[in-house]
Amino acid sequence: MSTFLAAPALTRPATPVAPVQLLVDLAAVAHNTRLLRSRSADHLMAVVKADGFGHGAEAVARTALASGATALGVTSLAEAFALREAGITAPLLSWLNPVEADFEEAARRDVQVAVPGPAHLAAVCASAERTGRPAQVHLHVDVGMARDGCPPELWRRLCLQAREAERRGQVRVVGVMGHLGCADRPREHCNRIWTGAFAAAARTALRSGLTPRIRHLAATAATLTNPSARFDGSRVGAGLVGIDPSGSTELRPAMTVTARVVDVREVRAGTRVGYGHAHTTTGRTRLALLPLGYADGVPRAAGGHASVLLRGRRRPLVGAVSMDQVVVDTGDDVVRPGELATVLGPGDDGEPTVADWAGWSGTIAHEIVTGLGRRVPRVPRVSAPVGRS
Ligand SMILES: *Cc1c(COP(=O)(O)O)cnc(C)c1O
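Residues numbered from 1 in each chain as written. Predicted model: local features only at pLDDT ≥ 70, side-chain atom pairs only at ≥ 80, totals over all residues. Heavy atoms only, no water.

This next bit is on the sheet that holds strand 14 (residues 285-290). Either a parallel or an antiparallel arrangement is found when strands of a sheet pair, and the pairing is made through backbone hydrogen bonds. What the nine strands build is an open sheet, ordered 11-14-17-16-15-18-10-1-19; its pairing is mixed. Edge positions in the sheet fall to strand 11 (263-267) and strand 19 (378-381), since each has one partner strand and no second. Here the average twist between neighbouring strands, direction ignored, is 35°. Both strand 1 (residues 20-25) and strand 19 contribute to a ladder of four bridges, which runs parallel. Residue pairing for strand 19: leucine 22 is matched across the bridge by arginine 378. Packed on one face of the sheet, helix 2 (residues 26-39) meets strand 1 and strand 19 and runs near 35° to strand 1. (Pairing = 2+ DSSP bridges. Helix = DSSP H or I, 4+ residues; strand = E, 2+ residues; numbered from the N terminus. Axes fitted to C-alpha atoms, helices over the stretch in contact; angles between N-to-C directions. Contact = heavy atoms within 4.5 Å.)

Below, the structure written as structure tokens:
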């Protein structure tokens, strides 16, 4: 064997280390699912849209189903088909599709779809004629957001049209759904008005001769704070991964992001760091380089505010966040290449949380977790996160 081939093996580490990792604590997802299940009515839909809020749709879906969730929910049919491809057979709803979406394939794969108006119902009926089997649908009513769902003035017509379609054997209305726009502020009066509007819409469906088994309105915040919004079940997404929009602390954050120090340098006072010289060092110090940037979901807007946990202490990010890298000021500490920084996590060891990152960049926790880039590997774990024994 040539020495050229043999030599590198001597310096190769025993196990390869990923430069950046997103550890997903599935025990936390299981805990959160059980807690949300205990606060919801009979049905609990685990919403795993946007790749399970950035945590990995399949792992979150399987964990939630094993911990009390009775169904899955996603936005697009593409997301639904990916779950079916992964072998998941649980009841599955997709609620946001254009009229020309592939409703035939949805029926073939046993994916339920939400119907937000007469045009969508017509498209679903036409597809049912072609497949020869009734489509399972949830009628989606807009109770006050003016975003998605059927406008209130068309709701009665939609219900009657759906009843006709049931008689023809084209659809089966299994659910009625709505969504609250300010459930994260439980005291706001609109919650009461919109919950009442949903109850009235569900009664209209019944009076039209429909027999939906599941009336579902509440997402995470309402499930935790508003018992009158629970109806027959909830749809929860953020809560599964530990984000509570209403601000309670009962849920456990499921995400930890770590990065290995690539390089370290010592610099003198007055050194200008990174693009645009956004930062100038005030004294002699050490700078450590981490291999993740805005392409990986570190918000550029957090530059100048953020810090990470490295060698047991918070260290500020200095200079602009680049596409692929950030610079951390470690002061007098001689941090070595290869050391592990915790970029975000549950906060138990002093590392910044998702909420911290949201605050530093003027956004909400949801945008931080769903913004983590595709090149960061998701590593599901069932044990405690890094730093805890
Ligand atoms: C995202 C979404 C949910 C889940 O909301 P969370 O607050 O994340 O629990 C429920 N319903 C609809 C229609 C959604 O778009």
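Right, let's talk about the state of the cysteines for a bit. Under the defined criterion, the tally for this structure stands at one disulfide. For cysteine 182, the disulfide goes to cysteine 190, at an S-S distance of 2.2 Å. What sets the handedness of the cysteine 182 and cysteine 190 disulfide is the S-S torsion sign, and at about 125° it is right-handed. The same class applies to cysteine 182 and to cysteine 190, which are both buried. The cysteine cysteine 125 is free of any disulfide, with cysteine 159 supplying the nearest cysteine sulfur at 14 Å. Classification of cysteine 125 by relative accessible area gives buried; the value is 7%. You can see cysteine 150 has no disulfide; the closest cysteine sulfur is in cysteine 159, sitting 7.7 Å from it. (Disulfide = S-S within 2.5 Å. Buried < 20%, exposed > 50% of the residue type's maximum accessible area, 1.4 Å probe, protein only.)

Across the protein, pLDDT averages 94, with 94% of residues at or above 70. With pLDDT under 50 throughout, residues 1-10 is counted as low confidence; its partners more than four residues away or in other chains account for one contact. Of the regions scoring below 50 in pLDDT, residues 385-389 engages in 14 contacts with residues more than four places distant in sequence or in other chains. (pLDDT = per-residue confidence, 0-100.)

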